[in-house]
Amino acid sequence: ARALPELLALHQRHGDDFNGFHIGAFWSKFKALARGRLSGLGDRLAPVCEQTARMLPELDARQVANVVHAFAKAELVGAGPWESVWAALPEAVRRRLGVYNPQELSNTAWAFAKAGHASQELFNAISAEVVRRRLGDFNPQDLSNTAWAFASAGHASSELFRAISAEVVRRRLGDFNPQELSNTAWAFAKAGHASSELFKAISAEVVRRRLGNFNPQDLSNTAWAFASAGHASSELFNAVSAEVVRRRLGDFKPQHLSNTAWAFATAGHASSELFRVISAEVVR
């Protein structure tokens, strides 16, 4: 299937023969094809959504994880036939948490947070499962996505953030890409869990790098996180300032510009060059 109508036509012809593998594959393909183009598809999605809700109890851990991640990525939220699936997903997830691998755990937390379906019971269960695990098996994306999900959902479990912080500090942060570093810092600041060891480790890594690999959101999120957490490392703010001044600020969205200005002001790091270039861009 190369487009959503073709994919839905395949389900219409063969859906009665779908098993768990097929329904998981359907939603994985749907996620890849959707890209926000859902207008007018509500009625056509009703049969496959009803089938998915009905089949959830018999799907395995990977298939359930694929469904929840696909629904969030495809932005199947709000009113629509997918509501029945969202209603059934928390119980299906809770029953399989013990056999989820690290990527499935982090993707599931991310998906529920992204979709605004952050039930306290579910997040408590995911938190308990993550804390119980050996976090050495989690890769950098798993760790940063999990922290981001809990911070975004407003579930600042101190045990979970403490465990992730200890693991990140123990790691070689050169393995984290810019988004993973900035998202981790953002999540800990947002959750109010400003571990000084964690922020020192991230600051040292950010300063060590060439910030040319950080996109505007990475730069503004990093500055915002350090200012919000009260960790205004002058080395870090000097490095971010130099990189922002070097950039073409037309690539920065209004939120990136305002967050960056706010962060430098809050941190008391009033770089005259940085404020001059942001001022010029805002006026333009």
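Scroll up a little and you will see the structure.
Keep in mind that this is a model prediction, so the values were computed, not measured. (Residues numbered from 1 in each chain as written. Predicted model: local features only at pLDDT ≥ 70, side-chain atom pairs only at ≥ 80, totals over all residues. Heavy atoms only, no water.)

Novice: Teacher, can you tell me more about the overall build of the chain here?
Specialist: The secondary structure content of the chain amounts to 15 helices and zero strands. Summarising its shape, the C-alpha atoms of the chain cover approximately 65 × 45 × 30 Å along the three principal directions. Within the chain, the proportion of its 284 residues that are buried is 52%. Partitioning the intrachain contacts of the chain with sequence separation of at least 6 by distance along the chain shows that 75% fall at a separation of at least 24. When the accessible surface of the chain is summed, it comes to about 13,600 Å², and 46% of that surface belongs to carbon and sulfur atoms. In the chain, the 32 positive side-chain charges and the 27 negative ones have mean positions that sit 5 Å from each other. (Helix = DSSP H or I, 4+ residues; strand = E, 2+ residues; numbered from the N terminus. Buried < 20%, exposed > 50% of the residue type's maximum accessible area, 1.4 Å probe, protein only. Contact = heavy atoms within 4.5 Å. Areas by Shrake-Rupley, 256 points an atom, 1.4 Å probe, with all protein chains shown as cover. Lys, Arg positive; Asp, Glu negative; His and termini not counted. Charge placed at Lys NZ, Arg CZ, Asp CG, Glu CD.)

Novice: Is there a simple way to think about the pattern of salt bridges in this case?
Specialist: Opposite charge on two side chains permits pairing when their charged atoms draw close. The final tally for this structure, using the stated rule, is 14 salt bridges. We note a salt bridge from Glu-129 to Arg-132, for which the minimum N-O separation is 2.5 Å. Residue Glu-129 and its partner Arg-132 are both found in helix H7 (residues 120-132); the two are separated by three residues, about one turn of the helix. Judged by its relative accessible area of 9%, Glu-129 is buried. A salt bridge links Glu-205 to Arg-209; the shortest N-O distance between them is 2.7 Å. (Salt bridge = Lys/Arg side-chain N within 4 Å of Asp/Glu carboxyl O.)

Novice: Explanation requested: the side chain of Ser-241 in the structure shown.
Specialist: Here Ser-241 lies in helix H13 (residues 234-246). A polar contact is formed between the side chain of Ser-241 and the side chain of Ser-271, at a distance of 3.0 Å. In this structure, Ser-241 is in contact with Phe-264, Ser-271 and Leu-274, ignoring residues within four places of it in sequence. (Polar contact = N/O pair within 3.5 Å; in protein donor to acceptor, adjacent residues only side chain to side chain.)

Novice: When you look at the packing of helix H2 (residues 20-34) against helix H4 (residues 61-73) in this model, what are you seeing that I'm missing?
Specialist: What describes two packed helices is the angle between their axes and the distance between those same axes. Running from N to C, H2 and H4 point in directions that differ by 25°, and their axes come no closer than 9 Å. Viewed along their axes, H2 and H4 adopt a mutual orientation that is roughly parallel. Every pair of crossing elements has a handedness; the one defined by H2 and H4 is left-handed. Of the residues in H4, those touching H2 at Gly-20, Phe-21, Trp-27, Ser-28 and Lys-31 are Gln-63, Asn-66, Val-67, His-69, Ala-70, Phe-71 and Lys-73. The class makeup of the residues in the contact of H2 with H4 is five nonpolar, five polar and two charged. (Axes fitted to C-alpha atoms, helices over the stretch in contact; angles between N-to-C directions. Parallel < 35°, antiparallel > 145°, perpendicular 65-115°, else oblique. Left-handed = near helix turned anticlockwise from the far one by under 90°. Nonpolar A, V, L, I, M, F, W, Y, C, P; charged D, E, K, R; others polar.)

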